[in-house]
Amino acid sequence: MAGYSYLRPRKSVTLTVLLGALIVYSVLPLAWMLFSITKTQPELLSSFGLWFSGPFALFDNLQQVVTHDDGIFVRWFANTLVYVVVGAGGATLLATAAGYGLAKYRFRGRNAVFATILGAIAVPGTALAVPTFLLFSQVGLTNTMWAIILPSLVSPFGLYLMWVFAAEAVPSEILEAARVDGAGEWRTFFTISLRLLAPGIVTVALFAIVATWNNYFLPLIMLNDPNLYPLTLGLYQWLADASGIGAQPVFNLVITGSFLTVVPIVIAFLLLQRYWQSGLSAGGVKA
Amino acid sequence: MTPFLVVFALFIVTPLVYSMYLSLFRNQLMGGTTFAGFDNYVTAFTDPKLWDGAGRVGLFFLVQVPIMLGLSLIAALAIDSGRLHGKSFFRVALFLPYAVPGVVAVLMWGFMYDDRLGLTGSLNDLVGFPLVDPYTKQWILTAIGNIVTWEFVGYNMLILYSALKTVPVEIYEAASIDGANQFRIVRSIKLPAVRGALLIATIFSILGSFQLFNEPNILKQIQPALISTYYTPNIYAYNLSFTGNQVSYAATVAIVMGLVTAVIAYVVQLRGTRRDV
Amino acid sequence: MTITRNRRVAVGAVATLLAVSLTACSGGGDDDGGGGGAEGASADEIEAALQEGGSITYWTWTPQAQTQVDAFEKAYPNVDVTLVDTTGAGDANTKLQNTLAAGTGVPDVVQIEYQSVPQFQLPGQLADLTEYGFDELESLYTPSTWGAVSQNGGIWGLPQDSGPMAFFYNQEAFDAAGVEVPTTWDEYVEAARTIKKNDPDTCLANDSGDPGFTTSMIWQAGGTPFQTDGDAVTIDLADEGATKWAEMYQPLIDDELLCQLPGWSDEWYQALGDGTIASVALGAWMPGVLEDGVPDGKGKWRVAPMPTYDGTPTNAENGGSTESIPEASENKLLAAGFLKWLNSSDESIKAFMDTGGFPATVKDLESADFLGYESEYFGGQKINEVLAAGASDVNEGWQYLPWQSYANSIYADTVGQAYLDKSSLLDGLAAWQDENVSYGTEQGFNVNG
């Protein structure tokens, strides 16, 4: 591949600087967070946001986060992992299979399915929360982990994304060729399509992970037991503890907890991003 | 395919159908729940609060979405061009805001917007007069737009970027051999390649705009008088249902807004795909 | 500490004795002990149920709840109380409303703000505790808190705490601006001007429009804008009290004398500590909030009675809540036993007061220990003398709307706009009135606003 100018373009300083401005915009609030997690509660409230101030309390904050309320933060963290692995993992599998099916197999009512899905995601989820809650409580699902996992298995966005992806990334000719060669549908899917779909699957998985990780509204409605809370709801509870009668303002813990909530997502992204790195799909076409 | 449809039917369609059923009733504190036929729909279509919110999210969609998607597209193309120093860094840094839970994101911006303690205060001090004050009627929608843009530029950039990645390298190779320059490659290869993804991103953004909820709802706790209980249709439905004891009317509002959103999304979808053919 | 421990042992011993004798007396007649028993029960039967045991669920956001529940389970080892932290009143209301609508997972004992009691009581969602003989407990509580839990001919909860208003001020900030503690509202407005003039970045108080504060202020001014009798509701947000408050308060808004800071935010805590906000007029639970949330203010804060309109002391309640038993609870008898212990036993109330709770029980409000307590945070001031005196000045006859939490949610759309635009509070109140009249009518009430 060496030698093609397209693949070894000159680095452009201008472009880097221009995009750098966008990056500053992106990371400025995060910088605020990074400085804030090093501050004690009083310093947090009284110092300039974008610089250090007072004693360096990062380790103290971290320790407090994991020990506050008998270490419930660790519990929330573990819950979130369960929700993400089962919920987002399942959602990715289902969306991939369904999106691929919709894109590559023609069947009657395909447009109807599409319209239904689009229509369903157009109805705001927050407004469906109460009916969903009423239904769930009738079958005894509220205040269980299933109340969070089951709805998050459906990712219409993921399905839609996979659909468009599969339509573009997996040329029908290749599938035809495989069928002519006598490969079964499953074999075709696993040996050819899956590789071509890899960037799409990773994208869908990442979005599903983030969506589940940040899921806040559904747990708020469905769960009463703090032992089942995901991180977001737990942090919200700490925030709510800061107001009202008998208030315990722990903003430093909320911010440090938020930071710890963001870190795993960043790591997940870093781990997954190699799938975008080299032309996976190009390799697939050659194979 | 089938497992998805089963789960989809159970957890999306069933509540939806149940909501439609609910929307045919009336809830009263005194008198309980009674059958109301389509009364709720008649009320909804003439409800000034609902249409006030709908107008606001419509405006939001028309202004915020093009800006956000424009930025995302530029970023995706720039990163894909390979002409950036440290492109992995750019990709991660741009995506980071999306990883921040919405509650935390709004709290951070809420702090920075503050005229007294936040960065807005520092900015206004710098120019010497109150240039911007996000917590005013004139600015608050822009302030919300800014938060949403911040959260989702990276997300949309990723959708577009992974679409660019599906373009086989051979095509670029061929184009380079034919002597096509960067801009030509962008125009004739890359833009057509991302059209599908751009369409998805647009449709997501339509849904996002019309369902706008988290950002204004959390800001409302900081500035209650600036954001009304019917600021967006979704906030309206939420308040009706959670504080107003009007689950049925809330379901009606949700369904009406769902229909409006679906129609708009469908029109965009049709226009988008027609151009493809 | 030792005294408490000894007493706890003693209580336990008495309870055991009682249990033995009760079991002996009642024989096999305790079948309905753990049942749904809508019939009600005597004190003896309640005690028997507690001894027999069972499990109940308690929803609360009271910080002391865990300590109280631990003590209860020690006294009644057969009873298992599952504590659910409902994280603040707003979410708790929503959660309770949903759960009651669904009809499953209903708690047996639940904390409800005084202002939300009618909202759950009117649709018949709360158990009438008269059936358990709780009407006999009336003399234990202050009239205003008892009034909040008894209405429409029933008893719907036992008061947990009370919040008679008081004027909390930062002495250091007052000295810096050369301001005396205002005793009338006219002096209050003058003090606000002086403080603003002295340093434009500071202010006497913060208020960007808060329904709880507004209703308490109208209450303090002698207003009774909301009156409910069954399904007949009268709303008059232009009554004498409301008008008196609005006219007094308007200049504070017009001349930008107030800090536009939302309460309970991080900035608010900070401003209370550094003297930016020189005073707050809130419920008697405020000292606990200051001690925990504003460590910087230690030694600077003092408390005084609420300013008056004409020199006659009057007061209002601000905040506070009750514990109630939902009608749908499956274990009301046991719940009644727990509730009675929770909000009337010395042990439980002591645990509540030890960590800053302000009681609703007359005996505790009048106890010498309580009144003589010298708060280090308040520079050694005997704060409870001031606060308890405020409790006896609370105007009678106040009622909240049967849909108060909805009314509060639309407050910012109406009265809140006056704060934002510096427009007329009276107009804002009129708009609030209109919205409430139309909502009440829609909800099937007979509203003659």
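Residues numbered from 1 in each chain as written. Chains lettered and ligands numbered in written order. Predicted model: local features only at pLDDT ≥ 70, side-chain atom pairs only at ≥ 80, totals over all residues.

Remarks on the overall build of chain C
At step 1: Of the regular secondary structure elements, chain C holds 20 helices and 13 strands.
At step 2: Counting over 449 residues, chain C shows a buried share of 54%.
At step 3: The contacts of chain C with a sequence gap of at least 6 include a subset with a gap of at least 24, amounting to 76%. (Helix = DSSP H or I, 4+ residues; strand = E, 2+ residues; numbered from the N terminus. Buried ≥ 20, exposed ≤ 12 C-beta atoms within 10 Å, placed from the backbone. Contact = placed C-beta atoms within 7 Å.)

A short note on the overall build of chain A
At step 1: Within chain A, the secondary structure is distributed over 14 helices and zero strands.
At step 2: For chain A, the succession of helices and strands along the chain, N to C, is α-α-α-α-α-α-α-α-α-α-α-α-α-α.
At step 3: By residue count, 49% of the 287 residues in chain A fall in the buried class.
At step 4: Considering only contacts in chain A between residues 6 or more positions apart, those separated by 24 or more positions represent 70%.

Structural notes on the environment of S53 of chain A
Residue and element names in this part refer to chain A.
At step 1: Looking at the secondary structure, you find S53 in the loop between α2 (41-46) and α3 (58-104).
At step 2: Accessibility expressed as a C-beta count within 10 Å gives 16 for S53, which makes it partly exposed.
At step 3: Each C-alpha atom, one on S53 and one on K39, is 6.6 Å from the other, the two residues being 14 residues apart in sequence.

Description of the pairing of strand β3 (residues 109-113) of chain C
All names here are of chain C.
At step 1: Across the five residues that make up β3, a large majority, five, are buried.
At step 2: Burial of β3 is two-sided: the residues V109, Q111 and E113 facing one way and the residues V110 and I112 facing the other way are all buried.
At step 3: The pairing of strand β1 (residues 54-60) with β3 spans two bridges and is classified as parallel. Opposite W59, over in β3, you have V110 as the bridge partner.
At step 4: Relative to strand β12 (residues 321-324), β3 is paired through four bridges, and the arrangement is antiparallel. Paired with Q111 across the bridge in β12 is E323. (Pairing = 2+ DSSP bridges.)

Description of the sheet that holds strand β8 (residues 226-229) of chain C
Residue and element names in this part refer to chain C.
At step 1: The three strands are arranged β8-β9-β13 in an open sheet whose pairing can be described as mixed. Looking at the sheet topology across the chains shown, the edges are occupied by β8 and β13 (446-447).
At step 2: Judged from the four bridges that link them, β8 and strand β9 (residues 232-235) form a sheet pairing that is antiparallel. Within β9, the residue paired with F226 across the bridge is I235.
At step 3: Here helix α20 (residues 425-442) sits on the sheet in contact with β9 and β13, set at roughly 170 degrees to β9. (Axes fitted to C-alpha atoms, helices over the stretch in contact; angles between N-to-C directions.)

Let's talk about the confidence of the model for chain C
Residues and elements named next belong to chain C.
At step 1: Looking at chain C as a whole, the pLDDT averages 87, with 90% of positions reaching at least 70.
At step 2: This model gives residues 1-38 a pLDDT under 50, and the stretch forms 34 contacts once residues within four places in sequence are excluded.
At step 3: As a predicted assembly, this complex carries a pTM of 0.83 together with an ipTM value of 0.82. (pLDDT = per-residue confidence, 0-100.)

Some thoughts on unusual backbone geometry
At step 1: The phi dihedral of N143 of chain A falls on the positive side, at around 60 degrees, and the residue is not glycine.
At step 2: Within the element layout of this structure, N143 of chain A appears in the loop between α5 (125-138) and α6 (146-152).

Observations regarding the interface of chain B and chain C
At step 1: Contact residues are listed per partner, giving 16 residues for chain B and 24 residues for chain C.
At step 2: Among the residues forming the side of chain B that touches chain C, the class breakdown is eight nonpolar, seven polar and one charged. (Nonpolar A, V, L, I, M, F, W, Y, C, P; charged D, E, K, R; others polar.)

Thoughts on the confidence of the model for chain A
At step 1: When the pLDDT values of chain A are averaged, the result is 77; 85% of them are 70 or greater.
At step 2: Predicted confidence is poor over residues 277-287 of chain A, with pLDDT under 50, and the contacts of this stretch with residues over four places away or in other chains come to 17 contacts.

Digging into helix α19 (residues 411-421) of chain C
Residue and element names in this part refer to chain C.
At step 1: Of all 11 residues in α19, 10 are buried, a share of seventy percent or more.
At step 2: For α19, every residue scored as buried is listed here: Y411, A412, D413, T414, V415, G416, Q417, A418, Y419 and L420.
At step 3: On its buried face, α19 sits against α9 (211-220), α10 (240-254), α18 (404-409) and α20.
At step 4: Note on α19: the residue one or two positions beyond its end, K422, has a positive phi of about 55 degrees.

Regarding the interface of chain B and chain A
At step 1: Taken residue by residue, the interface counts 80 residues in chain B and 72 residues in chain A.
At step 2: Counting residues per element, the side of chain B that touches chain A draws most heavily on helix α1 (residues 2-22) of chain B, at 13 residues.
At step 3: Grouping the constituent residues of the side of chain B that touches chain A by class yields 58 nonpolar, 17 polar and five charged.

A short note on helix α7 (residues 140-164) of chain B
Structural remark: α-helix, 3.6 residues per turn; residues separated by three or four positions point the same way.
All names here are of chain B.
At step 1: If you check α7, its first and last C-alpha atoms are 35 Å apart, about what 25 residues at 1.5 Å a residue would give, namely 36 Å.
At step 2: The principal kink in α7, of about 40 degrees, is found at F152.
At step 3: Along α7, 21 of the 25 residues are buried, which leaves the element largely enclosed by surrounding structure. (Expected span 1.5 Å × (residues − 1). Bend = angle between axes of the 7 residues up to and from the residue.)

Focus: the domain arrangement of chain C
Residues and elements named next belong to chain C.
At step 1: The domain architecture assigned to chain C consists of domain 1 (2-161 + 321-366) and domain 2 (165-316 + 375-447).
At step 2: Distance from the C-alpha centre of domain 1 to the C-alpha centre of domain 2: 31 Å.
At step 3: Contacts between domain 1 and domain 2 engage 15 residues on the former and 18 residues on the latter.
At step 4: For the side of domain 1 that touches domain 2, the elements supplying multiple residues, two or more each, are α5 (117-121) and α6 (143-149). (Domains from an automatic or database assignment.)

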